[in-house]
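Architecture and fold: a report
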Amino acid sequence: PPEAKRRNVASIHPTAAVDPRSEIAADVSIGPFCVVEAGAVIEEGCQLASHVVIKTGPWLGKNNSVSEAAILGGRPQHLRAGPKVGKLRIGENNSIREHVTIHCGLGEEDSTVVGDHNLIMVNAHVAHDCTIGNQVVMANAATLAGHVRIEDYAVIGGLVAIHQYIRIGVHSFIGGKSGLRMDMPPYMLAFGAPAI
């Protein structure tokens, strides 16, 4: 089949459901029971563990590691989400751990963007139209509402909830179990619900 020319078939587990209209680099590893939908683009060196779902629209740059049961490119959880939603762009060398969900942009021309060298831990959620910079750490069950911007080197503690339209400055740190409802300046530490 034509898709065999652009795929190393041996790297796709036989139980995986991979749409032939996706674009997958030859050395990508796709594990058992994964689903890759039409229009997904997965670049060189990416590894998908078992039960990963890549929806229609995401672009994954090189050398991303996606752990079990992560869902990338899901529909926004928004009442205005229409039949056509936006894109998801994920950079290079990210570690996306188990059960992480990252949603596409809300409108057809909108995008959710994740940079390079980030660690997004178990059960974290990134909503529609968020932008995550480079070398950011999101600990377990950290949650971003829509339109959040996280700048480089920020650390978001476990169980942190961040309100929509919030900006988190470079090198800032938010302690675990905090709730953030306003912008956070660079190089600051915040803790509490609401965080101060």
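Just above sits the structure.
This text gives an overview of the structure that appears in the document. (Residues numbered from 1 in each chain as written. Predicted model: local features only at pLDDT ≥ 70, side-chain atom pairs only at ≥ 80, totals over all residues. Heavy atoms only, no water.)

With that settled, consider the side chain of Ser67. Inspection of the secondary structure assignment puts Ser67 in the loop between strand E9 (65-66) and strand E10 (71-74). Separated by 3.3 Å, the side chains of Ser67 and Arg97 make a polar contact. Not counting residues up to four positions away in its chain, the partners in contact with Ser67 are Ala49, Val52, Ile96, Arg97 and Glu98. (Helix = DSSP H or I, 4+ residues; strand = E, 2+ residues; numbered from the N terminus. Polar contact = N/O pair within 3.5 Å; in protein donor to acceptor, adjacent residues only side chain to side chain. Contact = heavy atoms within 4.5 Å.)

With that settled, the discussion passes to the sheet that holds strand E24 (residues 173-174). The strand order across the open sheet built from nine strands is E3-E6-E9-E12-E15-E18-E21-E24-E26, with neighbouring strands paired in parallel fashion. At either end of the open sheet lies a strand with only one pairing partner, and these are strand E3 (29-30) and strand E26 (189-190). Here strand E18 (residues 137-138) runs beside strand E21 (residues 155-156); their pairing, made up of two bridges, is parallel. What sits directly across from Val137, in E21, is Val155. (Pairing = 2+ DSSP bridges.)

Read across the open sheet, the eight strands follow the order E2-E5-E8-E11-E14-E17-E20-E23; overall the sheet is parallel. What marks the edges here is a single partner per strand, and that holds for strand E2 (23-24) and strand E23 (167-168). As defined by bridge partners, strand E8 (residues 58-60) adjoins strand E11 (residues 87-90) across three bridges and the pair is classed as parallel. The partner of Trp59 across the bridge, within E11, is Arg89.

Quick look at the environment of Gly61 now. With respect to the element layout, Gly61 can be found in the loop between E8 and E9. When the C-alpha atoms of Gly61 and Val35 are compared, they prove to be 18 Å apart, with 26 residues separating the residues in sequence. Apart from residues lying up to four places away in sequence, Gly61 is in contact with Glu43, Cys46, Ile90, Gly91 and Glu92.

What follows concerns the environment of Ile150. Mapped onto the secondary structure, Ile150 falls in strand E20 (residues 149-150). Expressed as a C-alpha distance, the spacing of Ile150 and Met184, which sit 34 residues apart in the sequence, is 9.6 Å. Those residues in contact with Ile150 that lie beyond four places of it in its chain are Thr131, Ile132, Gly133, Val136, Leu144, Ile156 and Ile168.

In this section: the pattern of salt bridges. The tally for this structure, following the rule as stated, stands at four salt bridges. The salt bridge involving Asp19 is made with Arg21; its shortest N-O contact spans 2.8 Å. For Arg21, a relative accessible area of 62% puts it in the exposed group. Two residues, Arg167 and Glu151, come together in a salt bridge whose shortest N-O distance is 2.4 Å. Of this pair, Arg167 sits in strand E23 while Glu151 sits in the loop between E20 and E21, placing them 16 residues apart in sequence. What makes Arg167 partly exposed here is its relative accessible area of 43%. (Salt bridge = Lys/Arg side-chain N within 4 Å of Asp/Glu carboxyl O. Buried < 20%, exposed > 50% of the residue type's maximum accessible area, 1.4 Å probe, protein only.)

The alternating pattern of E11 places Leu88 and Ile90 on a buried face, while none of Lys87 and Arg89, on the opposite face, is buried. Where E11 and strand E14 (residues 111-114) come together, four bridges link them in parallel fashion. Paired with Leu88 across the bridge in E14 is Thr112.

Let us look at the nonpolar core. Counting 47 residues, the largest nonpolar core has Leu48, Ile102, Met138, Ile162 and Ile168 as its most contacted members. Look past the residues within four positions of Ile102 in its chain and what remains in contact with it is Ile71, Leu72, Gly73, Gly74, Leu88, Ile90, Ile96, Thr112, Val114, Ile120 and Val126. (Core = buried A, V, L, I, M, F, W, Y, C linked by side-chain atoms within 4.5 Å.)

Glancing now at the side chain of Glu98. As for its position among the elements, Glu98 is in the loop between strand E12 (95-96) and strand E13 (101-103). The exposure class assigned to Glu98 is buried, which follows from its relative accessible area of 18%. A polar contact of 3.0 Å, which involves the side chain of Glu98, links it to the side chain of Arg97.

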